Amino acid sequence: MPAESVLGLQWGDEGKGKIVDLLAQKADYVVRYHGGNNAGHTVVVGTKKHFFHLIPSGIFHKRTKAIISNGVILDLEVLAREMDILEKEGINLKSKLCISPRCHLILPYHKALDEAFENARGKNKLGTTKRGIGPSYSDKVSYNGLRVYDIIDWNDFIQKFTFQAKIKNKILKTFGVKPVNINSELAKLKKLRSRILPYVKDTFEVINDAAQKRKKLLFEGAHGIMLDLDWSPYPFATGSNTVVGSINTGSGLPINRLTNVVGIVKAFTSRVGGGPLPTELFGRLADAVRERGGEYGTTTGRPRRIGWLDLEAVRFSCRINNVNEIVITKLDILSGLLELKVCTGYTLNGKKIRYSECGYKELSKVKPVYRSFAGWLEDISAVRRFKDLPAECRNYINFIAKFLGVKIKFVSVGAERNANVKL
Ligand code: IMP
């Protein structure tokens, strides 16, 4: 597949990192095209676990180059830290990494504002990652953003940064929050600038040349479709569009050049942060799934909320992205449950209602319509062939495929690269 995309079809944390890493084995380029270091992915190579927030997941493969294209917002400190880790692992970044000058920056005042707004919201807080995502994207939209492009001319950057920081400091003052220290932040940024600039290059030409030459491009979606800025139960969203269309705006690849859309569906639901979650579970069952699945945020370490698989939401994700294939992840975590439930639709005041028809108020009141399944007790993490899975487990997978009307590419039953069941 010359241009393939991988998208999380739920609320993020579907296990995309492993799948991107796997598909990247055959890719010439892996592209991150939206979001910032609010995303987090884990890649297990051998016995080592790697956590990344910005660098695309496929970077460990010999042939694969990593592109951070214009739609991504960059916290240079986080990026430099990840680059250091990779170099320590022996990866030659010079030949592998390319960063768009159009990427907007997440600056210290963005993080301070994110935190100040969250604290001020009190019990109505959104549960953001406090990484400065919303404030950085809102500066981009209001023409107040600073980009990687701006750090090239350092004297010009000093002027622009100082102008913005002074205004932001006034706002921070109204929240009663400590202002950012302009001089010391500039000193830090100057160091980061020299670390990053050697990798800065127009990514549009690289991506489109590659597409024209039919090289294999893999677009790594961040977060999840239910967090999309337009299609989430706003304001419980992230600051970027997570739907497939943002590949065009965030990387410059014409969308009709995309040849395959792979959707990642975790076998159950999880979410970090606030907002409605129709199939949410509480108590011992939720705790057990959370512990077994290691369901704690890669970015913030927060315990994730847990729920039954919500196929009403996933069906919406399949439709809006025209998903061609699905990978089901973390099915092994459900072993040992006597009964499983899957949400096949919602009702509100006794009437059927679709995910797309709900704002956050409706979504927090809908009643999920459940279908029950018998569970399985066996540990399935060593199974590699579909026919070797317990019948109940096959039944669960077959139902998902039939309900969504999308082919299942494979099922992941463990964190390791090879822990997959082919169908
Ligand atoms: P922000 O993106 O930090 O502004 O946070 C907005 C919402 O999106 C919060 O509920 C976060 O927990 C959630 N969020 C952002 N990125 C991810 C992700 O990669 N996985 C899961 N949740 C995320």
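What counts, and at which threshold
- Residues numbered from 1 in each chain as written.
- Predicted model: local features only at pLDDT ≥ 70, side-chain atom pairs only at ≥ 80, totals over all residues.
- Heavy atoms only, no water.
- Helix = DSSP H or I, 4+ residues; strand = E, 2+ residues; numbered from the N terminus.
- Rg over C-alpha atoms; globule rule 2.2 N^0.38 Å.
- Buried < 20%, exposed > 50% of the residue type's maximum accessible area, 1.4 Å probe, protein only.
- Pairing = 2+ DSSP bridges.
- Contact = heavy atoms within 4.5 Å.
- Axes fitted to C-alpha atoms, helices over the stretch in contact; angles between N-to-C directions.
- Polar contact = N/O pair within 3.5 Å; in protein donor to acceptor, adjacent residues only side chain to side chain.
- Parallel < 35°, antiparallel > 145°, perpendicular 65-115°, else oblique.
- Left-handed = near helix turned anticlockwise from the far one by under 90°.
- Nonpolar A, V, L, I, M, F, W, Y, C, P; charged D, E, K, R; others polar.
- 1 Å grid on protein atoms, 1.4 Å probe; cavity = no way out; pocket = protein on both sides within 12 Å on 5 of 7 lines; lining within 4 Å.
- Points joined across faces, edges and corners; volume = space filled by probe spheres on them.
- Salt bridge = Lys/Arg side-chain N within 4 Å of Asp/Glu carboxyl O.
- Phe/Tyr/Trp six-rings, centres within 6.5 Å; stacked < 30°, edge-to-face > 60°.
- Lys NZ or Arg CZ within 6 Å of the ring centre and 35° of its normal.
- Domains from an automatic or database assignment.
- Buried area = accessible area lost by both parts, 1.4 Å probe.
- Disulfide = S-S within 2.5 Å.

(A) Looking closely at the overall build of the chain. Secondary structure summary: the chain contains 13 helices and 20 strands in total. Relative to the globule expectation of 22 Å for 423 residues, the C-alpha radius of gyration of the chain, 22 Å, shows essentially globular dimensions. Counting only C-alpha atoms and orienting by the principal axes, one finds that the chain spans roughly 65 × 50 × 40 Å. Taken across its 423 residues, the chain has 57% of its residues classed as buried.

(B) Layout of the sheet that holds strand β12 (residues 280-281). Spatial ordering of the open sheet is given by β11-β13-β12, a layout of three strands whose pairing is antiparallel. Two strands close off the open sheet at either side, each with one partner strand: β11 (269-271) and β12. The pairing of β11 with strand β13 (residues 305-307) spans three bridges and is antiparallel. Among the inter-strand pairings, threonine 269 is bridged to a residue of β13, identified as glycine 307. Set on the sheet, helix α10 (residues 283-293) makes contact with β12 and β13; between it and β13 the angle comes to about 105°.

(C) Fine view of the side chain of glutamate 325. Its place among the elements puts glutamate 325 in strand β15 (residues 325-329). Classification of glutamate 325 as buried rests on a relative accessible area of 10%. Reaching out from glutamate 325, the side chain makes a polar contact with the side chain of asparagine 260 at a distance of 2.8 Å. Beyond its immediate chain neighbours, meaning those up to four positions away, glutamate 325 contacts Glu4, Asn260, Val261, Val262, Gly263, Val406, Lys407 and Lys409.

(D) Geometry of the packing of helix α2 (residues 76-88) against helix α7 (residues 182-196). α7 packs onto α2 with a crossing angle of 45° between their chain directions and a minimal axis gap of 10 Å. It follows from the interaxial angle that α2 and α7 lie oblique. Crossing hand, α2 versus α7: left-handed. For the pair α2 and α7, contact is made by Leu76, Glu77, Leu79, Ala80, Met83, Asp84 and Glu87 and by Leu189, Leu192, Arg195 and Ile196, respectively. Residues that form the contact of α2 with α7 fall into these classes: seven nonpolar, no polar and four charged.

(E) Layout of empty space enclosed by the protein. Considering all chains together, one arrives at one cavity of 30 Å³ or more under this definition. In this structure, the largest cavity spans a volume of roughly 40 Å³. Together, Phe268, Leu281, Leu285, Val289, Ile306, Gly307, Trp308, Leu334 and Leu337 line the largest cavity. Of all elements in the fold, only α10 and β13 reach the threshold of two or more residues within the lining of the largest cavity.

(F) Quick look at helix α11 (residues 311-321). Within α11, eight of the eleven residues are buried, which leaves it mostly tucked inside the rest of the structure. N-capping of α11 is provided by aspartate 310, with a side-chain oxygen placed 3.1 Å from the backbone N of glutamate 312. Count one or two residues on from α11 and you reach asparagine 322, which has phi positive near 45°.

(G) Examining the pattern of salt bridges more closely. Enumeration according to the criterion identifies 22 salt bridges in this entry. A salt bridge links aspartate 75 to lysine 111; the shortest N-O distance between them is 2.9 Å. In this pair, aspartate 75 is assigned in the loop between β6 (73-74) and α2 and lysine 111 in helix α3 (residues 108-121), connecting sequence segments 36 residues apart. Owing to a relative accessible area of 5%, aspartate 75 belongs among the buried residues under this scheme. A relative accessible area of 26% places lysine 111 in the partly exposed class. Between lysine 330 and glutamate 295 there is a salt bridge whose closest N-O contact spans 2.7 Å. Taken together, the residues lysine 330 in the loop between β15 and β16 (339-348) and glutamate 295 in the loop between α10 and β13 connect sequence positions 35 residues apart. Lysine 330 sits in the partly exposed class, given a relative accessible area of 23%. A relative accessible area of 0% places glutamate 295 in the buried class. Within this structure, Asp13, Lys266, Glu295, Arg304 and Lys330 form a network of salt bridges that share partners.

(H) Representation of the environment of phenylalanine 410 within the structure. With respect to the helices and strands, phenylalanine 410 occurs in strand β19 (residues 407-412). C-alpha separation for the pair phenylalanine 410 and phenylalanine 386, spaced 24 residues apart in sequence, amounts to 9.2 Å.

(I) Quick look at the packing of aromatic side chains. Applying the stated criterion across every chain yields a total of 13 aromatic pairs. Summarising the aromatic geometry, the rings of tryptophan 231 and phenylalanine 316 are spaced 5.8 Å apart at their centres and angled 45° between planes, so their arrangement reads as tilted. Note that tryptophan 231 is positioned in the loop between β9 (217-220) and α9 (246-251) and phenylalanine 316 in helix α11, a separation of 85 residues in sequence. On the accessibility criterion, phenylalanine 316 (12% relative accessible area) is buried. Here the aromatic cluster, defined as three or more aromatic residues joined through ring pairs, consists of Phe373, Trp376, Tyr396, Phe399 and Phe403. Against the face of tyrosine 370 rests lysine 341, its NZ or CZ located 5.6 Å from the ring centre.

(J) Representation of the domain arrangement of the chain. Domain assignment breaks the chain into domain 1 (3-103 + 201-261), domain 2 (105-196) and domain 3 (265-422). For domain 2 and domain 3, the distance between their C-alpha centres works out to 37 Å. Every contact between the two is made by five residues of domain 2 and, on the other side, five residues of domain 3. Surface buried jointly by domain 2 and domain 3 totals about 340 Å² across both partners, of which 44% is contributed by carbon and sulfur atoms.

(K) Spatial organisation of the state of the cysteines. Taken as a whole and judged by the stated rule, the model has zero disulfides. Considering cysteine sulfurs only, cysteine 318 is the nearest to cysteine 393, which forms no disulfide, with 19 Å between them. On the accessibility criterion, cysteine 393 (0% relative accessible area) is buried.

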